[in-house]
Amino acid sequence: QTVYFTDDTNQHPDYDEDKSSARDSYEQLFKTLTKNSPINSTILETQGREIFVPSASSKHSIARFSFYDLCGTAKGAADYLAIGEHYHTLFIDDVPRLKFHEVNLVRRWITLVDALYECHVKLVLHTSAWTEVEDMFMVDLENDHCDEVFAFDRTRSRMEEMRSEGYLRKKWVGSRL
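First, a word on what this report is: a plain description of the structure on this page.

Here we come to the overall build of the chain. What the chain contains, in helices and strands, is six helices and eight strands. Here the chain holds 177 residues, and 46% of them are scored as buried. A separation of at least 24 residues holds for 76% of the contacts in the chain among residues at least 6 apart in sequence. Counting every atom, the chain has about 9300 Å² of accessible surface; 47% of that belongs to carbon and sulfur.

Across all of its chains, the model carries five aromatic pairs by this definition. When the centroid spacing of 5.7 Å and the interplanar angle of 20° are considered together, the rings of Tyr117 and Tyr167 count as stacked. With Tyr117 in helix H4 (residues 103–118) and Tyr167 in helix H6 (residues 165–169), this residue pair connects regions lying 50 residues apart in the sequence. Summarising the burial analysis for this pair, Tyr117 and Tyr167 share the class buried. A network of ring pairs unites the aromatic residues Tyr26, Phe30 and Phe91 as a single cluster. For the cation-ring pair, Arg64 lies above Phe30, with the distance from its terminal atom to the ring centre recorded as 5.2 Å.

On to the side chain of Thr155, then. The residue Thr155 is located in helix H5 (residues 147–161) in this model. Excluding residues within four positions of it along the chain, Thr155 makes contact with Trp109, Ile110 and Val113.

Positionally, Arg108 belongs in helix H4. Buried within the structure, Arg108 lacks any salt-bridge partner; its nearest side chain of opposite charge belongs to Asp79, at an N-O separation of 8.1 Å. If we skip the residues at most four places from it in the chain, Arg108 touches Cys71, Gly72, Thr73, Ala74, Lys75 and Tyr80.

Judged by nonpolar contacts, the single largest core of 39 residues is most densely connected at Leu70, Ile83, Leu90, Ile92, Leu98 and Trp109. Taken together, the elements giving at least two residues each to this core come down to strand S3 (49–57), strand S4 (62–66), helix H2 (67–71), helix H3 (77–86), strand S5 (89–93), H4, strand S7 (122–127) and H5. If we ignore the near neighbours within four places in the chain, the residues touching Leu90 are Ala63, Phe65, Leu70, Ile83, Leu116, Val121, Lys122, Leu123 and Val124. Listed in part, the six residues of the second largest apolar core include Tyr26, Leu29, Phe30 and Phe91.

For the rest of this paragraph, the subject is the pairing of S4. Of all five residues in S4, five are buried; the element is thus mostly enclosed. Burial along S4 is two-sided: the residues Ile62, Arg64 and Ser66 and Ala63 and Phe65 are all buried. Hairpin connection between S3 and S4: a loop of four residues separates the two successive antiparallel strands, and Ser61 in this loop has a positive phi of roughly 55°. Where S4 meets S5, five bridges bridge the pair, whose relative direction is parallel. Paired with Arg64 across the strands is Phe91, a residue of S5.

Glancing now at unusual backbone geometry. The phi angle at Lys35 is positive, at roughly 50°, despite the residue not being glycine. Summarising the element assignment, Lys35 is placed in the loop between helix H1 (22–33) and strand S2 (40–46). A relative accessible area of 60% means that Lys35 is categorised as exposed. The residue Ser61 is not glycine, and still its phi comes out positive at about 55°. With respect to the element layout, Ser61 can be found in the loop between S3 and S4.

The rules behind these values
Here the residue index of a chain counts from 1 through its sequence in written order. For a predicted model such as this one, the threshold for reporting local features is a pLDDT of at least 70, and the threshold for listing and counting side-chain atom pairs is 80 or more; totals across whole chains, interfaces and linings nevertheless cover every residue. The basis for every side-chain value is the complete set of non-hydrogen atoms in the structure, without hydrogens or water. The way it works is that DSSP assigns letters per residue, a run of H or I at least four long becomes a helix, a run of E at least two long becomes a strand, and they are numbered from the N terminus. Exposed residues in this analysis have more than 50% of their type's maximum accessible area, buried residues have under 20%, and partly exposed residues fall in between, with area computed by a 1.4 Å probe over protein chains only. Residues are treated as being in contact if the distance between any of their heavy atoms lies within 4.5 Å. The accessible surface values rely on the Shrake-Rupley method and a 1.4 Å probe; as for residues, cover is taken only from the protein chains in view. Pairing of aromatic rings covers Phe, Tyr and Trp, the last through its six-membered ring, and needs centres within 6.5 Å; plane angles under 30 degrees mean stacked, over 60 mean edge-to-face, and all others mean tilted. Counting as a charge over the ring demands two things of the Lys NZ or Arg CZ atom: a distance within 6 Å of the ring centre and an angle within 35 degrees of the ring normal. His is not counted, nor are the chain ends, whereas Lys and Arg count as positive and Asp and Glu as negative. A pair is scored as a salt bridge if a Lys or Arg side-chain nitrogen falls within 4 Å of a carboxyl oxygen belonging to Asp or Glu. We define a nonpolar core as any set of buried Ala, Val, Leu, Ile, Met, Phe, Trp, Tyr and Cys residues linked to one another through side-chain atoms lying within 4.5 Å. Only when DSSP finds a minimum of two bridges between them are two strands counted as paired.

In C-alpha coordinates form, the structure reads like this:
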(Lines give C-alpha, C1' and ligand atoms only; values in the text may rest on other atoms or scores of the structure.)
Protein backbone atom coordinates (compact mmCIF):
# COMPACT_ATOMS: atom_id res chain seq x y z
CA GLN A 1 0.00 0.00 0.00
CA THR A 2 1.11 3.56 -0.52
CA VAL A 3 1.27 5.17 2.88
CA TYR A 4 2.90 8.34 4.13
CA PHE A 5 4.07 8.39 7.74
CA THR A 6 4.83 11.84 9.08
CA ASP A 7 6.22 12.90 12.42
CA ASP A 8 4.51 16.29 12.18
CA THR A 9 1.91 15.48 14.82
CA ASN A 10 0.65 19.05 15.02
CA GLN A 11 -0.53 19.06 11.43
CA HIS A 12 -1.29 15.43 10.60
CA PRO A 13 -5.07 14.96 10.23
CA ASP A 14 -5.01 11.38 11.49
CA TYR A 15 -2.88 12.02 14.56
CA ASP A 16 -4.08 10.37 17.74
CA GLU A 17 -2.07 10.79 20.95
CA ASP A 18 -2.77 7.17 21.87
CA LYS A 19 -1.16 5.87 18.69
CA SER A 20 2.52 5.13 18.44
CA SER A 21 4.76 7.58 16.66
CA ALA A 22 4.82 7.66 12.88
CA ARG A 23 8.35 6.24 12.90
CA ASP A 24 7.24 3.34 15.12
CA SER A 25 4.29 2.62 12.82
CA TYR A 26 6.55 2.79 9.78
CA GLU A 27 9.03 0.37 11.36
CA GLN A 28 6.23 -1.98 12.38
CA LEU A 29 4.75 -2.02 8.88
CA PHE A 30 8.15 -2.94 7.44
CA LYS A 31 8.46 -5.83 9.91
CA THR A 32 4.90 -6.96 9.20
CA LEU A 33 5.24 -6.93 5.41
CA THR A 34 8.62 -8.65 5.48
CA LYS A 35 7.22 -11.18 7.96
CA ASN A 36 10.39 -10.87 10.01
CA SER A 37 12.33 -12.55 7.19
CA PRO A 38 16.09 -11.99 6.92
CA ILE A 39 16.92 -8.43 5.87
CA ASN A 40 20.19 -7.93 4.03
CA SER A 41 21.93 -5.44 1.83
CA THR A 42 22.38 -6.46 -1.77
CA ILE A 43 23.57 -5.17 -5.11
CA LEU A 44 21.53 -5.00 -8.30
CA GLU A 45 23.20 -4.65 -11.66
CA THR A 46 21.91 -2.74 -14.65
CA GLN A 47 23.67 -1.56 -17.77
CA GLY A 48 27.07 -2.36 -16.27
CA ARG A 49 26.41 -0.35 -13.10
CA GLU A 50 25.82 -1.52 -9.56
CA ILE A 51 22.96 -0.28 -7.41
CA PHE A 52 23.47 -0.74 -3.69
CA VAL A 53 20.29 -1.76 -1.87
CA PRO A 54 20.91 -1.10 1.84
CA SER A 55 18.06 -3.20 3.20
CA ALA A 56 15.90 -5.80 1.47
CA SER A 57 13.86 -8.92 2.02
CA SER A 58 14.62 -11.05 -1.03
CA LYS A 59 11.98 -13.55 0.04
CA HIS A 60 9.19 -10.96 -0.04
CA SER A 61 10.57 -8.56 -2.72
CA ILE A 62 10.53 -5.56 -0.38
CA ALA A 63 13.37 -3.03 -0.13
CA ARG A 64 14.15 -0.07 2.03
CA PHE A 65 16.21 3.00 1.16
CA SER A 66 16.71 6.46 2.53
CA PHE A 67 15.64 9.32 0.28
CA TYR A 68 19.29 10.25 -0.13
CA ASP A 69 20.26 6.66 -1.06
CA LEU A 70 17.89 7.00 -4.01
CA CYS A 71 18.02 10.66 -4.97
CA GLY A 72 21.20 12.06 -3.42
CA THR A 73 23.52 10.08 -5.66
CA ALA A 74 23.81 9.86 -9.43
CA LYS A 75 21.01 7.54 -10.50
CA GLY A 76 18.82 7.54 -13.56
CA ALA A 77 15.71 5.93 -14.98
CA ALA A 78 17.44 2.60 -15.71
CA ASP A 79 18.54 2.34 -12.08
CA TYR A 80 15.05 3.10 -10.78
CA LEU A 81 13.46 0.66 -13.24
CA ALA A 82 15.85 -2.07 -12.06
CA ILE A 83 14.75 -1.38 -8.48
CA GLY A 84 11.07 -1.43 -9.51
CA GLU A 85 11.56 -4.71 -11.38
CA HIS A 86 13.10 -6.38 -8.31
CA TYR A 87 10.89 -5.04 -5.50
CA HIS A 88 7.10 -4.75 -5.44
CA THR A 89 7.15 -2.56 -2.31
CA LEU A 90 9.62 0.19 -1.50
CA PHE A 91 10.04 1.87 1.87
CA ILE A 92 11.72 5.28 1.65
CA ASP A 93 13.00 6.91 4.85
CA ASP A 94 13.33 10.60 5.60
CA VAL A 95 11.69 12.09 2.52
CA PRO A 96 12.35 15.85 2.76
CA ARG A 97 10.44 18.87 1.56
CA LEU A 98 12.16 19.67 -1.70
CA LYS A 99 13.16 23.20 -2.61
CA PHE A 100 13.43 24.73 -6.05
CA HIS A 101 17.20 25.15 -5.90
CA GLU A 102 17.63 21.38 -5.25
CA VAL A 103 17.13 20.67 -8.94
CA ASN A 104 19.01 17.36 -9.02
CA LEU A 105 17.03 15.97 -6.08
CA VAL A 106 13.76 17.13 -7.64
CA ARG A 107 14.58 15.63 -11.03
CA ARG A 108 15.68 12.32 -9.52
CA TRP A 109 12.51 12.12 -7.39
CA ILE A 110 10.39 12.77 -10.49
CA THR A 111 12.26 10.05 -12.40
CA LEU A 112 12.03 7.63 -9.46
CA VAL A 113 8.26 8.07 -9.08
CA ASP A 114 7.78 7.68 -12.85
CA ALA A 115 9.75 4.41 -12.90
CA LEU A 116 8.05 2.96 -9.82
CA TYR A 117 4.64 3.98 -11.18
CA GLU A 118 5.34 2.13 -14.45
CA CYS A 119 6.28 -1.01 -12.49
CA HIS A 120 3.22 -0.66 -10.21
CA VAL A 121 5.43 -0.59 -7.13
CA LYS A 122 3.81 0.19 -3.78
CA LEU A 123 5.42 3.05 -1.85
CA VAL A 124 5.67 3.54 1.88
CA LEU A 125 7.24 6.87 2.80
CA HIS A 126 8.44 8.34 6.07
CA THR A 127 8.81 12.09 6.40
CA SER A 128 8.96 14.72 9.08
CA ALA A 129 8.95 17.58 6.59
CA TRP A 130 5.44 17.50 5.06
CA THR A 131 2.04 15.95 5.61
CA GLU A 132 0.42 16.22 2.18
CA VAL A 133 1.90 15.48 -1.25
CA GLU A 134 1.21 19.03 -2.42
CA ASP A 135 3.56 20.29 0.31
CA MET A 136 6.51 18.15 -0.77
CA PHE A 137 7.93 20.57 -3.36
CA MET A 138 8.02 24.26 -2.53
CA VAL A 139 8.63 26.88 -5.18
CA ASP A 140 8.56 30.62 -4.97
CA LEU A 141 6.39 32.71 -7.27
CA GLU A 142 9.39 33.75 -9.38
CA ASN A 143 10.09 30.14 -10.37
CA ASP A 144 6.59 28.71 -10.77
CA HIS A 145 6.93 28.58 -14.57
CA CYS A 146 9.96 26.28 -14.80
CA ASP A 147 10.02 22.76 -16.25
CA GLU A 148 10.50 21.10 -12.86
CA VAL A 149 7.32 22.72 -11.53
CA PHE A 150 5.24 21.32 -14.39
CA ALA A 151 6.92 17.91 -14.14
CA PHE A 152 6.42 17.81 -10.39
CA ASP A 153 2.70 18.44 -10.85
CA ARG A 154 2.56 15.15 -12.76
CA THR A 155 4.60 13.50 -9.99
CA ARG A 156 2.18 14.78 -7.35
CA SER A 157 -0.70 13.39 -9.37
CA ARG A 158 1.02 10.02 -9.70
CA MET A 159 1.80 9.91 -5.98
CA GLU A 160 -1.87 10.55 -5.22
CA GLU A 161 -2.94 7.86 -7.69
CA MET A 162 -0.46 5.44 -6.10
CA ARG A 163 -2.54 5.74 -2.92
CA SER A 164 -5.79 4.82 -4.69
CA GLU A 165 -7.50 1.44 -4.42
CA GLY A 166 -7.33 1.03 -8.19
CA TYR A 167 -3.55 1.42 -8.24
CA LEU A 168 -3.05 -0.75 -5.17
CA ARG A 169 -4.99 -3.56 -6.88
CA LYS A 170 -2.76 -3.41 -9.98
CA LYS A 171 -0.42 -6.32 -10.48
CA TRP A 172 3.26 -5.61 -9.99
CA VAL A 173 5.00 -5.80 -13.36
CA GLY A 174 8.43 -6.63 -12.01
CA SER A 175 9.94 -10.06 -11.89
CA ARG A 176 11.99 -12.01 -9.43
CA LEU A 177 15.16 -12.59 -11.40
